[in-house]
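Notes for the structure review
Below, each chain spelled out in residue letters.
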Amino acid sequence: LGTTITISSNHWVMAWTGLEINTLAILPLISKSHHPRAIEAATKYFLTQAAASALVLFSSMTNAWHTGQWDITQLTHPTSSLILTSAIAMKLGLVPFHFWFPEVLQGSPLTTGLLLSTIMKLPPITLLYMTSPSLNPTLLTTLAILSTALGGWMGLNQTQVRKILAFSSISHLGWMAIIIIYNPKLTLLNFYLYAMMTATIFLTLNSIKVLKLSTLMTAWTKVPAMNAMLLLTLLSLAGLPPLTGFLPKWLIIQELTKQDMAPAATLISLLSLLSLFFYLRLAYCTTITLPPHTTNHMKQWRTNKSTSITIAILTTMSVMLLPISPMILTIV
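Numbering of residues starts from 1 in each chain and follows the order in which that chain's sequence is written. Local features in a predicted model are, by the rule used here, given only for residues with pLDDT of at least 70; side-chain atom pairs are given and counted only at 80 or more, and totals for whole chains, interfaces and linings are based on all residues. Working from all heavy atoms in the structure, the side-chain values ignore hydrogens and water.

Structural notes on helix 14 (residues 262-288)
To be explicit about the condition: Strands are runs of DSSP state E lasting at least two residues, helices are runs of H or I lasting at least four, and both sets are numbered from the N terminus onward. The length a helix should cover is 1.5 Å for every residue beyond the first. Two axes are fitted around each residue, one to the seven residues ending there and one to the seven starting there, and the angle between them is reported as the bend at that residue.
With 27 residues, helix 14 extends 37 Å from end C-alpha to end C-alpha; this agrees with the ideal 39 Å at 1.5 Å per step. The sharpest bend along helix 14 comes to roughly 25°, located at Leu 274.

A closer look at helix 12 (residues 224-238)
Filter applied, for reference: The cut-offs for exposure are 20% and 50% of the maximum accessible area for each residue type, with area from a 1.4 Å probe on protein chains only; residues under the lower value are buried, those over the upper are exposed, and the others partly exposed.
For helix 12, with 15 residues, the first-to-last C-alpha span of 21 Å sits near the 21 Å given by 1.5 Å per residue. Three or more residues of helix 12 are buried, namely Met 226, Asn 227, Leu 230, Leu 231, Thr 233, Leu 234, Leu 235, Ser 236, Leu 237 and Ala 238. The positive-phi residue at the C-terminal boundary of helix 12 is Gly 239, with phi of around 95°.

As for the UniProt feature "domain: NADH:quinone oxidoreductase/Mrp antiporter transmembrane" (unreviewed entry) in the protein chain
Heads up, the rule is: UniProt positions are given in the numbering used here, feature names are shortened, and annotations may be inferred rather than shown by experiment.
On the UniProt side, "domain: NADH:quinone oxidoreductase/Mrp antiporter transmembrane" (unreviewed entry) is annotated at positions that read residues 9-274 here. Split by type, residues 9-274 is 75% helix and 0% strand. Its first and last C-alpha atoms lie 38 Å apart.

Side note on unusual backbone geometry
With an omega of 5°, the peptide bond running from Val 95 to Pro 96 counts as cis. Backbone geometry at Lys 209 places phi at a positive 55°, although glycine is not the residue there. Within the fold, Lys 209 resides in the loop between helix 10 (184-207) and helix 11 (213-218). You can call Lys 209 exposed: its relative accessible area is 53%.

Observations concerning the pattern of salt bridges
How we decide: A carboxyl oxygen of Asp or Glu within 4 Å of a side-chain nitrogen of Lys or Arg is what we treat as a salt bridge.
Applying the stated criterion to the full structure yields four salt bridges. The salt bridge involving Arg 37 is made with Glu 103; its shortest N-O contact spans 3.6 Å. Here Arg 37, found in helix 3 (residues 36-67), pairs with Glu 103, found in helix 5 (residues 100-106); they are 66 residues apart in sequence, far enough to count as distant. Each of Arg 37, Glu 40, Lys 44, Glu 103 and Lys 163 takes part in a single network of salt bridges with overlapping partners.

Things to note about the domain arrangement of the protein chain
To keep it simple, the criterion reads: All the domain ranges listed were derived from an automatic or database domain assignment. Whether two residues are in contact is decided by their heavy atoms, any of which lying within 4.5 Å being enough. When two parts are brought into contact, each loses some accessible area as probed by a 1.4 Å sphere; the total of that loss over both is the buried area.
Annotation of the protein chain at the domain level lists domain 1 (1-125) and domain 2 (136-331). Look at where the C-alpha atoms of domain 1 and domain 2 centre, and you get two points 23 Å apart. Counting residues at the interface gives 26 residues for domain 1 and 34 residues for domain 2. When residues of domain 1 are sorted by the area they lose upon contact with domain 2, Val 95, Gln 106 and Leu 110 head the list and together hold 27% of the total. Scanning the region where domain 1 abuts domain 2 turns up one salt bridge. The shortest N-O distance in the salt bridge between Glu 103 and Lys 163 comes to 3.6 Å.

Set out below in structure tokens:
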């Protein structure tokens with residue numbers, strides 16, 4: 001409901017209401033397990049989102065004060081635009097407002113982590129989409145390049161799968177932020193494909209009950225076929241050519257080059273190699289390697305044989321959408 005209200009509103013106060021409903025709705029899901037880590041994650045999430053929502057309201061009030069109207073698409077005051085960009089960067093977890101996101105994802109169950117990485121990112125991205133003509137290109141490009149760099153850099157030394165996926169999300173948000181002024185529809189395409197691939201990975205990990213790299217190493221004995229598909233989905237998320245994830249990266253680089261931003265395109269492409277390293281490490285742990293020592297992980301000798309049709313459909317789309325990309329582009 002919160003997402004729907006924000007997406008369909010024209011008035012800033014209604015958009016703010018939708019964001020608040022969203023925040024309050026996800027908190028019980030994060031703190032459901034009553035574990036201290038989960039309660040800590042819920043508190044961090046609440047404080048960050050409340051501060052960001054207050055900034056959204058402040059920027060819209062400043063804009064209304066100067067222009068006399070509350071329409072979302074008429075954000076013409078420069079200061080309001082800067083404050084709004086900062087507020088949405090905080091809501092999304094863009095660098096330098098990213099510190100809460102890995103911690104919150106680490107304290108949440110995998111299904112809630114999936115909601116945090118996908119559905120909860122949609123309302124702020126929609127607000128950016130609607131205000132894109134009046135945003136500051138320099139600020140957004142800086143935030144985007146920093147996010148791609150930090151998302152890749154900080155994901156390198158992680159052993160917790162949820163934290164790795166959190167830094168992966170920050171890196172992908174950088175790709176979305178850099179193009180939103182020049183081609184907002186491309187940002188939405190990137191977001192939809194990212195949400196699909198992330199959903200596949202979270203649901204697969206939830207199905208095979210994996211939270212750490214060491215557990216991932218022993219998971220291949222349970223469901224070898226699903227692990228092989230997880231390998232392909234991870235490589236797709238990294239953006240390797242024959243797979244779906246290559247499509248948004250390719251189009252974004254092409255659009256940046258058209259806008260005479262070849263240096264930015266080169267830099268963001270090189271920085272995504274950092275992310276590629278930890279995706280490859282995840283992929284390596286998934287199927288290719290065996291743990292070098294006896295693991296303490298309890299192996300499930302009686303495995304759950306029921307496979308989910310949702311995972312099958314999502315995996316297929318995450319890996320094989322590239323051939324029909326011309327059709328997707330005509331729809332977009």
